[in-house]
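Observations on the three-dimensional arrangement
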Amino acid sequence: VHGILIQQMAEFLKRNSMLLLFGVLIVAIVVYYFDTIYKKVAYGYNAIPSIVKYILGGVIVYLFFLYFNQNSIIYVAETPGLPSKRCADNPPSYKNPIERGMRYIDVNIPTSDGVTLNGGLILQPNSKECPTLIYFHGNAGNIGMRLERISLFYNKIKVNVLIVDYRGYGSSTGSPSEHGLELDSEAILNYAMNSTLINQKKIVIYGKSLGGAVGIYLANLKQEHIQAVILENTFTCIASMVTQHMKWISFLAPLLLRNFWPSIERIPNIKKPILFI
């Protein structure tokens, strides 16, 4: 985890060096004037110790980093140890469904804002008679890394599976964001609703982790088109994740967050059956 964070920090510095420089300059100015005011108010006492200045400056830069690099922290398209984010560069049996004996068609789905999503529609021999899972994956790695799980659905439960990389993941274009993934989910459902290879009356949403939040958004918006929702290890909202994992800055969440995923507010509106795993 620390290695990934360091790599993300390095990528952020490379892409946003001028922005970061500007932020450091602002911090320096704030600390300077704060120190000057302190001297005037507390006349006769020492100025703010240097170590305190450094700590204050470091905290501000860290918060600055969290705010502007938030999407890169939440949406991790690359899988550590692999040469690229594309499925073609995954290890054997994690490249495409054919390696695991699953029949599928490659799909390219346009979104309403001009992004193209790449994925696969994995089909049973009697594809129009069985249910279809729309699988929304977690925040890290491409859809190829989910093929082991998908093969269980395909072979044990005998369902079709539509699994698509979010924007910026795998071979999909664009860059991930909360609003972007919302648009992705709508485009994926629209594709399913217009496919001649599946039964539109047997569509089930399956979301794992971040995919649960995506699935909840879609089910809340388009529940007339789905039959049920399955959620695995998802979360209530991003703010609750901050409170749980970064308690020391949780009070700043309203100011720092650019991603929200308010699943806890959306779930009560969903009238279809929901299975929590």
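These numbers come from a predicted model, not from an experiment. (Residues numbered from 1 in each chain as written. Predicted model: local features only at pLDDT ≥ 70, side-chain atom pairs only at ≥ 80, totals over all residues. Heavy atoms only, no water.)

A few points about the sheet that holds strand 4 (residues 160-164)
Note the cut-off: Pairing between two strands requires that DSSP report at least two bridges joining them. Numbering of helices and strands runs from the N terminus; a helix is a DSSP stretch of H or I covering at least four residues, while a strand is a stretch of E covering at least two. Helix axes are fitted to C-alpha atoms over the stretch in contact, other axes to C-alpha atoms as well, and angles between N-to-C directions run from 0 to 180 degrees.
Pairing in this open sheet of seven strands is mixed, and the strands run 1-2-4-3-5-6-7 from one edge to the other. The open sheet terminates on both sides in strands that have one partner only, identified here as strand 1 (104-110) and strand 7 (274-276). Sheet twist, expressed as the average angle between the axes of neighbouring strands with direction ignored, equals 20°. In terms of strand pairing, strand 6 (residues 228-232) meets strand 7 through three bridges, oriented parallel. The residue of strand 7 that forms the bridge with Leu231 is Phe276.

Description of the nonpolar core
Applied cut-off: Think of a nonpolar core as a cluster: buried Ala, Val, Leu, Ile, Met, Phe, Trp, Tyr and Cys residues, connected wherever their side-chain atoms sit within 4.5 Å. Think of it in three bands: with a 1.4 Å probe and only protein chains considered, a residue is buried below 20% of the maximum accessible area for its type, exposed above 50%, and partly exposed in between.
With 46 residues, the main nonpolar core has Ile134, Phe136, Leu162, Ile188 and Trp261 as its most contacted residues. The greatest single-element share of this core, amounting to seven residues, is contributed by helix 7 (residues 210-222). Core analysis: the second largest hydrophobic core is formed by 17 residues, Cys87, Tyr154, Tyr206 and Ile230 among them.

Re the environment of Ile157
Among the structural elements, Ile157 can be located in helix 5 (residues 147-157). As for Ile157 and Cys130, which are separated by 27 residues in sequence, their C-alpha atoms are 9.7 Å apart.

Focus on unusual backbone geometry
In this structure, Ser209 takes a positive phi of about 55° despite not being glycine. Checked against the element boundaries, Ser209 lands in the loop between strand 5 (203-208) and helix 7. Unusually for a residue other than glycine, Asn233 sits at a positive phi of about 50°. Here Asn233 lies in the loop between strand 6 and helix 8 (238-245). Of the residues examined, Asn233 reaches a relative accessible area of 53% and is grouped as exposed.

A few points about the pattern of salt bridges
As a reminder, the rule being used: For this document, the term salt bridge refers to a Lys or Arg side-chain nitrogen within 4 Å of an Asp or Glu carboxyl oxygen.
A full pass over the atoms with the stated rule returns six salt bridges. A salt bridge links Arg86 to Asp89; the nearest nitrogen and oxygen atoms lie 3.5 Å apart. The exposure class assigned to Arg86 is partly exposed, which follows from its relative accessible area of 39%. For Asp89, a relative accessible area of 30% translates into the label partly exposed.

Some remarks on the confidence of the model for the protein
Quick note on the threshold: As a per-residue measure, pLDDT tells how confident the predictor is, with possible values from 0 to 100. Any two residues having at least one pair of non-hydrogen atoms within 4.5 Å are treated as being in contact.
Of the residues in the protein, 80% reach a pLDDT of 70 or more, and the chain-wide mean stands at 86. Note that pLDDT drops below 50 for residues 1-6; the model gives that stretch one contact with residues more than four away or on any other chain.

Some points on the pairing of strand 2 (residues 116-122)
In terms of burial, strand 2 is largely enclosed, as six of its seven residues are buried. Looking at chain direction, strand 1 and strand 2 are connected through seven bridges and run antiparallel. Residue pairing across strands places Pro110 opposite Thr116, the latter belonging to strand 2. Counted between consecutive antiparallel strands, the loop separating strand 1 from strand 2 contains five residues, among which Gly114 sits at a positive phi close to 90°. Across four bridges, strand 2 lies against strand 4 in antiparallel orientation. Opposite Gly119, over in strand 4, you have Val164 as the bridge partner.

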